[in-house]
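Analysis of the macromolecular model
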Amino acid sequence: MERRINSILKERQQEGLLRRLATVSPLGSGKIRVGGRKYINLSSNDYLGLSSHPELARAALAALSPVVGSSASRLMSGSTRLHHVLEDRIAGFKGKEAALVFNSGYQANVGIISALCGKDDCIFSDRLNHASIVDGIRLSGARLFRFRHNDTDHLEELLCRERNRHRGALILTETVFSMDGDIAPVGRISQLKKKHNCMFMVDEAHATGIFGACGGGVLEAEGVTGGADIIMGTFSKALGGFGSYAATSRTLRDYLVNTCRSFIYSTSLPPSIIAADLAALELIKREPHRRETLLSNACYFRAGLKKKGFHVRGDSQIVPIIVGENKEAVRVSEFLKGKGYWVTPVRPPTVPHGQARLRISLTFDHTPGGLEKFIKDISGYGQKNH
Ligand SMILES: Cc1ncc(COP(=O)(O)O)c(C=O)c1O
């Protein structure tokens, strides 16, 4: 076993795929300190800059006493009043009857998918869905059909061919894709879900707080909230806190409380985190200018990079610059670090082979002037137009 482990690490090193953990100190306002140097952080999902907002800190501090930890799972004695208040707020925010809070987005996806589907069911999943969705599908034992990214014709073809050979069917997609920053055709998928008698679950991890007039996400923006049976999302990205949720019907919530193993067999979130999540939801409602500024800066930034000849994807605050080769992505990232930008390279298996990239995630704290300077700085790197 030890020999195999060493050879895997060596292989990863040779392929430019070995990861190391950097020790970082978040400084707020879109900056971090690493190894004594201050960087502009372009690799954070704190899209609205809420993680350093004083209202979140105040709410968390106020809820720290008399206990720090929640001490038990929800079904034992860990279901505090704050958990229920947060679930009611999320249900309202997402336009669903009910909601259930989970400890993380990863736990929610793995637990929900494996609770809903079994070996007699089938799952239709976008090819670029997040690892937590992939792992939930694997754990479920259901038959998997992956449709080409955002390709509803391919999805329909698979549905026509496979749906009726299985007991139940679930369609899964992210709404804003984490590594590509593009947006799923949720309206068309919700039509297909109805036509082919499937359940439809969306992951709004990167859309919540950003899209929609009230910040509810892509479903809200597209006016198809009712089209999905389960809307999953996290508090750990635009909301600047921690934990996750599924907004759904009362019946499905009851079902998950009784069957979802990642929910049942894990200590519930501590009250301080729940209080911070509640404060973040208030800020999303009260400060729409954060998402408006962010999206307008993203538009400006993407257009500027394209003008300089970079291969850029997406339609959101996530702006991936496609580099191609793993080692080249590491080199560009090192070059940018030298200029004071923290941009981590994203490589396989997180993205497909040959599509290593710099995944730039913009936040409210990035200014148009700063973004313009970044474009100038990255343009100084020898190779572009990959
Ligand atoms: C699309 C998507 N879903 C789920 C998750 C997991 O969420 P969390 O970080 O809360 O575990 C992530 C996080 O990277 C994600 O990008």
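Residues numbered from 1 in each chain as written. Predicted model: local features only at pLDDT ≥ 70, side-chain atom pairs only at ≥ 80, totals over all residues. Heavy atoms only, no water.

**Remarks on the environment of F200**
Its location among the elements puts F200 in strand β8 (residues 199-203). What makes F200 buried here is its relative accessible area of 0%. A sequence separation of 88 residues divides F200 from I112, and the C-alpha atoms of the two residues are 12 Å apart. Excluding anything up to four places from it in sequence, F200 contacts L170, I171, T173, V186, I189, S190, K193, G227, A228, D229 and I230. (Helix = DSSP H or I, 4+ residues; strand = E, 2+ residues; numbered from the N terminus. Buried < 20%, exposed > 50% of the residue type's maximum accessible area, 1.4 Å probe, protein only. Contact = heavy atoms within 4.5 Å.)

**Let's talk about the nonpolar core**
Grouped together as the largest cluster of nonpolar side chains are 76 residues, with contacts concentrated most on F124 and F374. For this core, the leading source of residues is helix α11 (residues 271-286), giving eight residues. Here this core gathers at least three residues from each of two domains, domain 1 (21-48 + 288-379) and domain 2 (54-286). Residues contacting F124, with those up to four places away along its chain left out, are F145, F147, L155, L158, L159, E162, R163, A169, L170, I171 and L172. By size, the runner-up hydrophobic cluster in this structure holds 24 residues, among which are A108, C117, A142 and A246. (Core = buried A, V, L, I, M, F, W, Y, C linked by side-chain atoms within 4.5 Å. Domains from an automatic or database assignment.)

**Some thoughts on the site of the ligand**
Around the ligand, 14 residues are found, and the nearest of them are G105, Y106, D203, H206 and K237. Here an oxygen atom of the ligand sits 3.3 Å away from a polar atom, N or O, in the side chain of H130. One of the side-chain N or O atoms of H206 is found 2.6 Å from an oxygen atom in the ligand. In isolation the ligand has 390 Å² of accessible area, and contact with the protein removes 84% of it. Here the shell around the ligand is built from residues that sort into two nonpolar, nine polar and three charged. (Near = heavy atom within 4 Å. Polar contact = N/O pair within 3.5 Å; in protein donor to acceptor, adjacent residues only side chain to side chain. Areas by Shrake-Rupley, 256 points an atom, 1.4 Å probe, with all protein chains shown as cover. Nonpolar A, V, L, I, M, F, W, Y, C, P; charged D, E, K, R; others polar.)

**Concerning the packing of helix α13 (residues 326-338) against helix α14 (residues 368-379)**
Across the interface, α13 lies against α14 with an axial gap of 10 Å and an inter-helix angle of 125°. With respect to their mutual orientation, α13 and α14 come out oblique. α13 and α14 meet at a crossing whose hand is right-handed. Each of V332, F335 and L336 in α13 lies in contact with α14, whose residues at this interface are F374, D377 and I378. Looking at the contact of α13 with α14, its residues break down into five nonpolar, no polar and one charged. (Axes fitted to C-alpha atoms, helices over the stretch in contact; angles between N-to-C directions. Parallel < 35°, antiparallel > 145°, perpendicular 65-115°, else oblique. Left-handed = near helix turned anticlockwise from the far one by under 90°.)

**Regarding the pairing of strand β14 (residues 356-361)**
Across the six residues that make up β14, a large majority, six, are buried. Alternating positions in β14 separate into two faces, A356, L358 and I360 on one and R357, R359 and S361 on the other, with burial throughout. In terms of strand pairing, strand β11 (residues 318-324) meets β14 through six bridges, oriented antiparallel. Bridge pairing in β14 links I318 to S361. Across two bridges, the pairing between strand β13 (residues 345-346) and β14 is antiparallel. Bridge pairing in β14 links P345 to L358. (Pairing = 2+ DSSP bridges.)

**Focus: the domain arrangement of the protein chain**
In terms of domains, the protein chain is made up of domain 1 (21-48 + 288-379) and domain 2 (54-286). Distance between the C-alpha centres of domain 1 and domain 2: 26 Å. Each side of the interface is counted separately: domain 1 has 21 residues, and domain 2 has 23 residues. Summed over the shared surface of domain 1 and domain 2, the number is two salt bridges. (Salt bridge = Lys/Arg side-chain N within 4 Å of Asp/Glu carboxyl O.)

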